[in-house]
Amino acid sequence: MSTSDFEIILQKLSPLIQKNDTSFRKAIPAKVRLALTLRYLATGDSFRSLHYLFKMSHQIISKIIHETCTAILMVLKDEVKMPSNEQDWLEKETDFHNIFPHCVAAMDGKHIVIQSPYHSGTEFYNYKHTYSIVLLALVDRTYKFIFADVGCQGRISDGGVFRNSLLFQKLSRGALNLPAPFTLSGCDNAMPYVFVADNAFPLQTNIMKPYPGEHPEGSLKRNFNRKLSQARIIVENVFGVMSSIFRVLRKPIPLQPDRASNIVMSCVLLHNFLRNSKTSHNLYIPPGFLDRIENDEVIPGTWRNEQPVDSALRSLPAVASRNASTPSNIRDKFAQVFVSHNTLN
């Protein structure tokens, strides 16, 4: 983060986190409170380590981080915006068009490992035998979040995370204002606008996921899976960048679910803030950090070299379900479009 961006955030946060001096002691300045919180998000250091660095008690550090993250959620909430009309969605599709026509966003979810919550039983106990909350996200082609929902209990699996989300509810009601289906070159049928996802999500009219199993090189299904993977790699990179920069996400977060949710959402908002910043853009994601596609092949970014084996970010399990005929037919038509366009080798 550039110095100027630090000052911008400090100016926004100061009215919410600055405390008044008393006759007994001076208040900890807002600047120190913000620096402490950013240090915690960037390193994931324990409160004990931060105690030696900032000369504060563990209790005060915990309180400051919670209050500052709550304030970040308030002042940066507009950094994550869902397109509100058809034109905005069509602009998102333009960025994806050369990779996957009619794709408007990439979707993924991650378990965020946390400490065992008090008196929660198995509510947050997941399939990996750890305790977690879930981050569900939509990402656009510019590597920014356009939707993020965090806090769902880790025990919910097999697509339940998505079905319990606000995104699913809006999609089911047709309240996302996605563009109406439109014909694609090489297909006589009107094709819907879609999110691309992996096998953790259900195949639906507006959600495309890979064909299951292995398929021969050059086959229609393998070609489709490759195109979808190239579009989905965007959200993979966003999660990878976040865990590389915000190292608090690299190991289990030793906090209760509500506070851990605030930590994760603060990272999401700061990610978009830094992506939008002219002065911090290249500091946050330097050249070569992200994956890139050359000659239809994915060239790994340097963020992949920094991923820990036992990260706090863990993938959702695959959904084993029978696909409805209509979404399956739509997926088949997309696969035929890619072949007719001769976009694959």
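Conventions used here
Residues numbered from 1 in each chain as written. Predicted model: local features only at pLDDT ≥ 70, side-chain atom pairs only at ≥ 80, totals over all residues. Heavy atoms only, no water. Helix = DSSP H or I, 4+ residues; strand = E, 2+ residues; numbered from the N terminus. Contact = heavy atoms within 4.5 Å. Buried < 20%, exposed > 50% of the residue type's maximum accessible area, 1.4 Å probe, protein only. Pairing = 2+ DSSP bridges. Expected span 1.5 Å × (residues − 1). Axes fitted to C-alpha atoms, helices over the stretch in contact; angles between N-to-C directions. Parallel < 35°, antiparallel > 145°, perpendicular 65-115°, else oblique. Left-handed = near helix turned anticlockwise from the far one by under 90°. Nonpolar A, V, L, I, M, F, W, Y, C, P; charged D, E, K, R; others polar. Phe/Tyr/Trp six-rings, centres within 6.5 Å; stacked < 30°, edge-to-face > 60°. Lys NZ or Arg CZ within 6 Å of the ring centre and 35° of its normal. Core = buried A, V, L, I, M, F, W, Y, C linked by side-chain atoms within 4.5 Å. Salt bridge = Lys/Arg side-chain N within 4 Å of Asp/Glu carboxyl O.

Draft legend 1. Region of the structure containing the environment of Val150. Within the secondary structure, Val150 sits in strand β3 (residues 145-153). Along the chain, Val150 and Pro257 lie 107 residues apart, while their C-alpha atoms are 9.8 Å from each other. Setting aside residues no more than four positions away along its own chain, Val150 makes contact with Ile133, Val134, Leu135, Ser261, Val264 and Met265.

Draft legend 2. Looking closely at the pairing of strand β2 (residues 131-139). Counted residue by residue, β2 has eight buried out of nine residues, so it is predominantly covered. Here strand β1 (residues 103-114) runs beside β2; their pairing, made up of nine bridges, is antiparallel. Looking at β2, one finds that Asp108 is bridged to Ala137. By the bridge criterion, seven bridges tie β2 to β3 in an arrangement that is antiparallel. Residue pairing for β3: Ala137 is matched across the bridge by Ala148. Two successive antiparallel strands, β2 and β3, enclose a turn made up of five residues, where Tyr143 displays a positive phi of approximately 65 degrees.

Draft legend 3. Representation of helix α9 (residues 257-276). Helix length check: α9 (20 residues) gives 29 Å between terminal C-alpha atoms against 28 Å at 1.5 Å per residue, within 8%. The buried count for α9 comes to 17 of 20 residues, which makes it a mostly enclosed element.

Draft legend 4. Main features of the packing of helix α1 (residues 3-17) against helix α2 (residues 30-43). Between α1 and α2, whose axes approach to 9 Å, the crossing angle comes to 115 degrees. Considering the angle they form, α1 stands roughly perpendicular to α2. α2 is crossed by α1, and the crossing has right-handed handedness. Contacts from Phe6, Glu7, Ile9, Leu10, Leu13, Ser14 and Ile17 in α1 reach Ala30, Lys31, Arg33, Leu34, Ala35 and Leu38 in α2. Each residue belonging to the contact of α1 with α2 can be placed in one class, and the counts come to nine nonpolar, one polar and three charged.

Draft legend 5. Just the packing of aromatic side chains, in detail. Tallying each qualifying case throughout the model produces ten aromatic pairs. Measuring from ring centre to ring centre gives 5.5 Å for Tyr40 and Phe47, while their planes differ by 50 degrees; the resulting arrangement is tilted. For Tyr40, a relative accessible area of 2% puts it in the buried group. Of the aromatic side chains, those joined through ring pairs into one cluster are Phe100, Tyr211, Phe224, Phe334 and Phe338. Sitting over the ring of Tyr211, Arg331 keeps its end group 4.3 Å from the ring centre.

Draft legend 6. The nonpolar core, seen in detail. Counting residues in each nonpolar core, the largest one holds 83 residues, and the members touching the most others are Tyr40, Phe100, Phe145, Ile253 and Phe334. Setting aside residues up to four positions removed in sequence, Ile253 forms contacts with Tyr40, Ile112, Val113, Ile114, Gln115, Val248, Ala260, Ile263 and Val264. Counting 24 residues, the second-largest nonpolar core is a separate cluster that includes Trp89, Ile146, Phe147 and Leu176.

Draft legend 7. Fine view of the pattern of salt bridges. Tallied over the full model, the rule gives nine salt bridges. Between Glu67 and Lys19 there is a salt bridge, with the nearest N and O atoms lying 3.6 Å from each other. With Glu67 in helix α4 (residues 58-75) and Lys19 in the loop between α1 and α2, the pair connects residues that are 48 residues apart, well separated along the chain. According to the relative accessible area criterion, Glu67 is partly exposed, its value standing at 23%. Residue classification places Lys19 among the partly exposed positions, given a relative accessible area of 33%. Across the pair Lys92 and Asp140 runs a salt bridge, and its minimum N-O distance is 2.7 Å. Taken together, the residues span a long stretch of sequence, with Lys92 in helix α5 (residues 86-96) and Asp140 in the loop between β2 and β3 at a distance of 48 residues. The structure contains a network of salt bridges with shared partners spanning Asp108, Asp198, Arg232, Glu236, Asp291 and Arg304.

Just geometry here; none of it tells us what the structure is for.
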